[in-house]
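Examination of the molecular architecture
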Amino acid sequence: MKKVALICGLIALMTASCVLFNQNKEEKFVNPLFYEKMISIEYPEFEAQITPTHIHIKENELISRDYNCQLDTNQKDKIVLKCPVYYKDYDKNIMTTFTYIIKPGAKKDEWLITQNMEPHDNYYEDVIYKTSSGKADKTTAEKFVNPLFYKTLLPISKIAWETKLTPNLQVISNDGKTDISTCKMLQNNMDYIILQCTYFNILQKSYVTDCYQYKIWKCNPEKEYCYGLTWKVAEKGLNCKTLTEDGYMAFFMVDEEE
């Protein structure tokens, strides 16, 4: 009986470990088109961008909204995200379901994405976006050569903030605020990548494009402080025309076990 109890205990422990591993494993959209910037058909200033854990909606040049979410449905033609949203009428956060459905548009490589909210918010109504991309299949989506660049970059310098990257996104979090830039990968190597990223600058009231090099190396504790982690990353600002250094550098660490 003791042996049976021991075996059952080990199985339970292994099952719990597997569940914890799956919870910590970052989930990705089955269809990478959902990562693309979406532009409202009716109101061109109204834009949205989603990830498996976040929704960013830009209503106009002065107002944008960000929600931290949980991925509920992940299909090639349908994404469902559940997010706590503050409703003024109730004076509290209410768990809200955002549903995104994608279908081909009239033009080549054009896709239409509908956004629906439940409970329904009259301020948003139902929004129909469009996005253009030829990357409808996950197998054709561009990927980082070094998968470590998908890990969260943890800031270790005063001018750095928590950063997450994909080949077409730069997500920066600072003091509860999240900024999402749409990016284009210019170079893709094992030890460094170069991204060209565009975002709307509220102060300048215009879109701004910046270029960044992210270089990664194995931290040597005998020569530099490694904060108990293995990989170090330097973010360098570049001149987008020449791709030469533009006098800006920030440093991060990467937790390989994240």
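Below is a short write-up of the structure. (Residues numbered from 1 in each chain as written. Predicted model: local features only at pLDDT ≥ 70, side-chain atom pairs only at ≥ 80, totals over all residues. Heavy atoms only, no water.)

1. A few points about the packing of aromatic side chains
One pass over the full model with this rule turns up 9 aromatic pairs. Residues F46 and Y129 carry aromatic rings whose centres are separated by 6.3 Å and whose planes lie at 40° to one another, so their mutual orientation is tilted. Of this pair, F46 sits in the loop between β1 (38-40) and β2 (47-51) while Y129 sits in strand β9 (residues 127-132), and the two are 83 residues apart along the sequence. Note on accessibility: F46 and Y129 belong to one class, buried. With centroids separated by 5.6 Å and ring planes inclined at 40°, the aromatic side chains of Y67 and F98 adopt a geometry described as tilted. (Phe/Tyr/Trp six-rings, centres within 6.5 Å; stacked < 30°, edge-to-face > 60°. Helix = DSSP H or I, 4+ residues; strand = E, 2+ residues; numbered from the N terminus. Buried < 20%, exposed > 50% of the residue type's maximum accessible area, 1.4 Å probe, protein only.)

2. Overview of unusual backbone geometry
Of note, the bond from E118 into P119 is cis; its omega dihedral lies within 30 degrees of zero at 5°. Of note, P119 is situated in the loop between β8 (110-118) and β9. A positive phi is found at D91, a non-glycine position, where the angle reads about 55°. For D91, the location among the structural elements is in the loop between β6 (78-87) and β7 (92-104). Unlike most non-glycine residues, L243 shows phi in positive territory, near 60°. Taking the relative accessible area as the measure of exposure, L243 reaches 29% and is therefore partly exposed.

3. What to know about the state of the cysteines
The bond known as a disulfide is covalent and runs between the sulfur atoms of two cysteines. Tallying each qualifying case throughout the model produces 4 disulfides. The disulfide bridge from C69 ends at C83, spanning 2.1 Å between sulfur atoms. Handedness here is read from the sign of the S-S torsion; for C69 and C83, about 105°, the answer is right-handed. Note that C69 is positioned in the loop between β4 (64-68) and β5 (70-74) and C83 in strand β6, a separation of 14 residues in sequence. Owing to a relative accessible area of 0%, C83 belongs among the buried residues under this scheme. Paired through a disulfide, C219 and C226 show a sulfur-sulfur distance of 2.1 Å. Judged by the torsion about the S-S bond (-90°), the C219/C226 disulfide is left-handed. By relative accessible area, C219 is classed as buried at 9%. Since its relative accessible area comes to 7%, C226 is described here as buried. (Disulfide = S-S within 2.5 Å.)

4. Structural notes on the pairing of β6
Inspection of the sheet shows β5 paired to β6 by 4 bridges, in the antiparallel sense. Counted as the bridge partner of T73 is V80 from β6. Counting the residues in the hairpin turn of β5 and β6 gives 3 residues. In this structure, β6 lies alongside β7, joined through 10 bridges in antiparallel fashion. Looking at β7, one finds that C83 is bridged to T96. (Pairing = 2+ DSSP bridges.)

5. Observations concerning the side chain of N31
Within the secondary structure layout, N31 lies in the loop between α1 (2-24) and β1. Residue N31 is classed as buried on the basis of its relative accessible area, which comes to 4%. At a separation of 2.9 Å, a polar atom in the side chain of N31 contacts the main-chain carbonyl oxygen of K76. (Polar contact = N/O pair within 3.5 Å; in protein donor to acceptor, adjacent residues only side chain to side chain.)

6. A closer look at the nonpolar core
The biggest cluster of nonpolar side chains holds 30 residues, and the ones touching the most others in it are I50, I55, L81, F98 and Y100. Listing elements by their share of this core, those giving two or more residues are β2, β3 (54-58), β6, β7, β8, β9 and β12 (169-174). Top contributing element to this core by residue count: β6, with 5 residues. Non-local contacts of I55, meaning those with residues more than four positions away in its chain, are made with Q49, I50, R65, D66, Y67, C69, L81, C83, F98 and Y100. Formed by 20 residues, the second largest nonpolar core is a distinct cluster that contains F149, Y150, Y212 and I216. (Core = buried A, V, L, I, M, F, W, Y, C linked by side-chain atoms within 4.5 Å. Contact = heavy atoms within 4.5 Å.)

7. Comments concerning the pattern of salt bridges
This structure, assessed with the given rule, holds 3 salt bridges. A salt bridge links E47 to K37, with the shortest nitrogen-to-oxygen separation between them at 3.9 Å. Of the two residues, E47 is situated in strand β2 and K37 in the loop between α1 and β1; the sequence distance between them amounts to 10 residues. The partly exposed category is assigned to K37, whose relative accessible area is 22%. A salt bridge links K232 to E224, with the nearest nitrogen and oxygen atoms 3.3 Å apart. (Salt bridge = Lys/Arg side-chain N within 4 Å of Asp/Glu carboxyl O.)

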